Each structure stands twice: as structure tokens, then as C-alpha cells.
Amino acid sequence: AAAAAAAEPSEKDRFDRVLVDAECTHDGSVKHIAKFAAVWGLDSMGERCFDPAKLAALQGLQRGLLLNGFRHLRCGGTLVYSTCSFTAAQNEEVVQFLLDSDPSARLVPVPGRERFPCSDGSLGPGTLRFDPARSGSSGLF
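Residues numbered from 1 in each chain as written. Predicted model: local features only at pLDDT ≥ 70, side-chain atom pairs only at ≥ 80, totals over all residues. Heavy atoms only, no water.

S.K.: Any details on the overall build of the protein chain? Residues and values, ideally.
M.R.: Assigned secondary structure in the protein chain consists of 6 helices and 4 strands. Taken from the N to the C terminus, the helices and strands of the protein chain come in the order α-β-α-α-α-β-α-β-β-α. Overall, the C-alpha framework of the protein chain stretches about 50 × 40 × 25 Å when taken along its three principal axes. Looking at the protein chain residue by residue over its 141 residues, the buried ones come to 33%. Within the protein chain, counting contacts between residues at least 6 apart in sequence, those at least 24 apart form 60% of the total. (Helix = DSSP H or I, 4+ residues; strand = E, 2+ residues; numbered from the N terminus. Buried < 20%, exposed > 50% of the residue type's maximum accessible area, 1.4 Å probe, protein only. Contact = heavy atoms within 4.5 Å.)

S.K.: Which residues make up the packing of helix α4 (residues 52-71) against helix α5 (residues 92-101), and what are the values?
M.R.: It is at 9 Å that the axes of α4 and α5 come closest, and there the two elements cross at 50°. It follows that α4 is oblique to α5 by the angle criterion. You can see that α4 and α5 cross each other, and the crossing is right-handed. Contacts between α4 and α5 involve Q59, Q62, R63, L66, L67 and F70 from the first element and E93, V94, V95, F97, L98 and S101 from the second. Its residues assigned to classes, the contact of α4 with α5 comprises 7 nonpolar, 3 polar and 2 charged. (Axes fitted to C-alpha atoms, helices over the stretch in contact; angles between N-to-C directions. Parallel < 35°, antiparallel > 145°, perpendicular 65-115°, else oblique. Left-handed = near helix turned anticlockwise from the far one by under 90°. Nonpolar A, V, L, I, M, F, W, Y, C, P; charged D, E, K, R; others polar.)

S.K.: Break down the environment of L67 for me, with residues and values.
M.R.: For L67, the location among the structural elements is in helix α4. In the structure, L67 is positioned 27 residues away from V94 in sequence and 9.6 Å away in space, judged by C-alpha atoms. Excluding its chain neighbours within four sequence positions, the residues that come into contact with L67 are F97, L98 and S101.

S.K.: Before we move on, could you go through the layout of surface pockets and cite the residues and values that matter?
M.R.: In this structure, the largest pocket occupies an estimated 960 Å³ of space. Looking at the largest pocket, it is lined by 33 residues, and the ones nearest its centre are T78, L79, V80, R106 and V108. When residues of the lining of the largest pocket are traced back to their parent elements, those giving at least two are α4, β2 (73-82), α5 and β4 (124-129). Per-element tally for the lining of the largest pocket: the top contributor is β2, with 10 residues. Taken together, the residues that form the lining of the largest pocket break down as 20 nonpolar, 7 polar and 6 charged. Its boundaries defined by the atoms lining it, the second largest pocket holds a volume of some 150 Å³. Forming the boundary of the second largest pocket are E23, C24, T25, H26, H32, K35, F36, W40, R48, C49 and L58. At the level of secondary structure, the elements contributing two or more residues to the lining of the second largest pocket comprise α2 (30-40) and α3 (45-50). A breakdown of the residues in the lining of the second largest pocket according to their chemical character gives 5 nonpolar, 3 polar and 3 charged. (1 Å grid on protein atoms, 1.4 Å probe; cavity = no way out; pocket = protein on both sides within 12 Å on 5 of 7 lines; lining within 4 Å. Points joined across faces, edges and corners; volume = space filled by probe spheres on them.)

S.K.: Can you explain the pattern of salt bridges? Please cite residues and give values.
M.R.: On inspection of all chains with the given rule, the structure shows 6 salt bridges. Between E8 and R14 there is a salt bridge, with its nearest N and O atoms 2.8 Å apart. Under the relative-accessibility criterion, E8 is labelled exposed at 53%. In this structure, R129 and E92 form a salt bridge, with 2.7 Å as the shortest nitrogen-oxygen distance. Residue R129 is found in strand β4, and its partner E92 is found in helix α5; the two are separated by 37 residues along the sequence. Each of the two residues, R129 as well as E92, counts as buried. (Salt bridge = Lys/Arg side-chain N within 4 Å of Asp/Glu carboxyl O.)

Structure follows, in C-alpha cells:
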């Protein structure tokens, strides 16, 4: 099964645009933080979201989703990787993993970025971070 999962997709199974809206800890989501406060208590957020073993497993999933999305991207296509987390471990580190894993992967500046209420991520202008104070939305990468 692992060999079948690693097989290169045929051209008909490749796309011009791929969105990887990855599972994450939701620590940037205002609604999820409110749910923690109301249901479990904010003091449980660290254990539920930031336990090192859980984070390592989650980052492995995110890397796999991103690599699989990239495998299904046509040459010259656009891939967007997105989470609602503030953590670099779930954002820039996952993107850097792809950049280190495949020399054909590269970051490109986002067209019209100057019109968005966001800042560049730590990898530069090919990554964007939205935070509630600046964007009026939940935290997004």
C-alpha cells in the first residue's frame, strides 16, 4: 500500500491549482479558542493542542498532506498551504520541509499582497500571516 501511495499521479490526476487546508491545532481560530474556554477551559488547551507527541504526529500529517498536494500539482501550477494556527511548527516549518524535499518547489510572491491586511511569514513574501488584530479575522497562515 505504501508503494501505491508514492506512485506518481498521471497527468489527468494533476491540477493547475491545489489547496491544502491542513488539519491543525486551531490555536488561531477565535471560535475554537472560545470553545476551549466554554467547554474544556483554557488551561486544557496546552495539553489538548501542544503536547509534543501530538504536535509531532500532527506535523507528520501536515507534511504528508502538503507533499501529496504538491505531487498532484501540474508543472507551473499554484499550491496554497493553509492552517488556522499561529505556530511556525505547523506553518513555515511544514512549508520549509517541502522546499527542502523537492528542488522544484519554490515560493512565489502573492499577487496583490499589499492589499491584504496581513504580514509576510518568516519565509518571506511567498507566505502570509493574518492575525485577528490586523485582519479582523481568525489567525490564518
